[in-house]
Amino acid sequence: MTMVAVVAMSAVTIAILTAAAALAGAFQGHSRGFLLAGGSFVILSGFIAYVGLQRETLEDNRRRILDELESRSEELSRANQALQDALSSQETFLNCVSHELKTPLTCMMGYADLLATGRLQPEAALGHAKGIVEEGRSLGEIIDRILDITRIQGGTLRLDRTSGDLLEVVRKALERVQSDADRAGVSVHAEFPAEPFRSPIDVSRIEEGLVGMFQRAIKRSASGDKVYVHLRALGEEWVEVSVEDRGPRMDAAERQALWQPFAEVDIAPQGRVGDLGLELPLFRRVAMAH
C-alpha cells in the first residue's frame, strides 16, 4: 500500500464517519466530535505507523545498496590490481625474453661475422662454428621452455613416456652441469643408491628439469661452495631428488617467486639480470604431470 492510498482512505473514512453521524442524529454535537476525533486518531496512528515502517524499509534498502556498492568497489579494485599486475608481468616477460634471446643472437652474429671475413685459420673457424652451434642450441632451449609453459597453461602439454631409469637420468644431468660447476669453482656431491629406478617417464623433460635445478644451485653458490644432490625411494611408487646449496637465504616472497614464470629473482650472490625463471616452474609442472 502506498502513502497516497493511505491518505485517500483516511479522508474517505473521516467523511463516512461524519455523514453517518449527521444522518443518524444519534449523538449530540460534542459526541459526534468525540467520535470523529477518535476515528481520526486511529487513522492518524495507523498512518504514522505506516510511515515509520516505510522509513525502516528505505533505511534497509539504503544500507543494502551501500553494501553492494562497497562490494562492487572492492571487486573493481581487485580487478584493477590484477590488470596492473598482468601488465607488469607482461612488461617483465618482454624485457626478460628480449634480453635472453638477444644474448645468444649477438654471440652467433659475432661468430658469423668473423667467419664471413674468410681470414680465419681452419682451427679458429671450426671453434667459431662450434660456438654458433652452442648458442643456437641455447636459443632453442629458451624458446622450448617458453612454449612448454604456454602448453602447460593451456593444458596441451603431452608427455613422451618411455621406460626410463631415473638414476641414469640424474647422472646424465649431473654430467651436463659439471663444466658449469668447474667454471664457478663449485663442487657437486651426489649421493644415491646403486639400484636403478625404472619408471614410465618423459626422460628428456625430466633430464632438462634436473639440469635446470642443478644449474640454479650452482649459480646460487660462491666459489668454494658445495652442492649436494640426493636420490632416494619413498615407498614403492615415489622417488625424491633433492638439491641443496649454501647460497644466500631467500625470504618468503622470493621463495614463492621461484615457482612463478618470469619472476625476477636474483639467483646469484652478485645478482643476475635477464633470468627468465622458467626452469623451476616448468619442472614443477612436468613433475606434477607425471
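Note that the structure is a prediction, hence the values are computed from the model and not measured. (Residues numbered from 1 in each chain as written. Predicted model: local features only at pLDDT ≥ 70, side-chain atom pairs only at ≥ 80, totals over all residues. Heavy atoms only, no water.)

To continue, consider the nonpolar core. Core analysis: the largest hydrophobic core is formed by 33 residues, its most contacted members being Leu166, Val169, Val170, Ile206, Leu210, Phe214 and Leu231. Mapped onto this core, the elements with two or more residues apiece are helix H3 (122-154), helix H4 (166-184), helix H5 (203-220), strand S4 (226-234) and helix H7 (279-289). In terms of residue count, the dominant contributor to this core is H4 (8 residues). Excluding residues within four positions of it along the chain, valine 170 makes contact with Phe192, Leu210, Phe214, Val229, Leu231 and Val241. (Core = buried A, V, L, I, M, F, W, Y, C linked by side-chain atoms within 4.5 Å. Buried < 20%, exposed > 50% of the residue type's maximum accessible area, 1.4 Å probe, protein only. Helix = DSSP H or I, 4+ residues; strand = E, 2+ residues; numbered from the N terminus. Contact = heavy atoms within 4.5 Å.)

Attention now goes to a negative patch on the surface. A grouping of Asp67, Glu68, Glu70, Glu74 and Glu75 is seen on the molecular surface, where their side chains present a negatively charged patch. Tracing the chain through its elements places glutamate 70 in helix H2 (residues 29-117). (Patch = residues over 30% accessible without salt bridge, like charges linked within 9 Å, V, L, I, M, F, W, Y side chains within 5 Å. Areas by Shrake-Rupley, 256 points an atom, 1.4 Å probe, with all protein chains shown as cover. Salt bridge = Lys/Arg side-chain N within 4 Å of Asp/Glu carboxyl O. Lys, Arg positive; Asp, Glu negative; His and termini not counted. Charge placed at Lys NZ, Arg CZ, Asp CG, Glu CD.)

End to end, H4 covers 27 Å across 19 residues, agreeing with the expected 27 Å (1.5 Å per residue, within 8%). Along H4, the sharpest kink reaches roughly 40°, centred on valine 177. Among the residues of H4, the N-terminal cap falls to aspartate 165, whose side-chain oxygen and the backbone nitrogen of leucine 167 are separated by 3.0 Å. A positive backbone phi angle near 70° is found at glycine 185, which sits one or two residues after H4. (Expected span 1.5 Å × (residues − 1). Bend = angle between axes of the 7 residues up to and from the residue. Polar contact = N/O pair within 3.5 Å; in protein donor to acceptor, adjacent residues only side chain to side chain.)

Here the focus is the pattern of salt bridges. Enumeration according to the criterion identifies 10 salt bridges in this entry. Note that glutamate 207 and arginine 176 form a salt bridge whose closest N and O atoms lie 3.2 Å from each other. In this pair, glutamate 207 is assigned in helix H5 and arginine 176 in helix H4, connecting sequence segments 31 residues apart. Taking relative accessible area as the criterion, glutamate 207 reaches 14% and is therefore assigned buried. What emerges from the salt-bridge pattern is a single network uniting Glu59, Asp60, Arg62 and Arg63.

Put simply, H5 and H7 touch, their axes get as near as 9 Å, and they point 145° apart. Between H5 and H7 the crossing geometry is left-handed. Contacts between H5 and H7 involve Arg205, Ile206, Gly209, Leu210, Gly212, Met213 and Arg216 from the first element and Glu279, Leu280, Phe283 and Val286 from the second. Of the residues in the contact of H5 with H7, the class split is 6 nonpolar, 2 polar and 3 charged. (Axes fitted to C-alpha atoms, helices over the stretch in contact; angles between N-to-C directions. Left-handed = near helix turned anticlockwise from the far one by under 90°. Nonpolar A, V, L, I, M, F, W, Y, C, P; charged D, E, K, R; others polar.)

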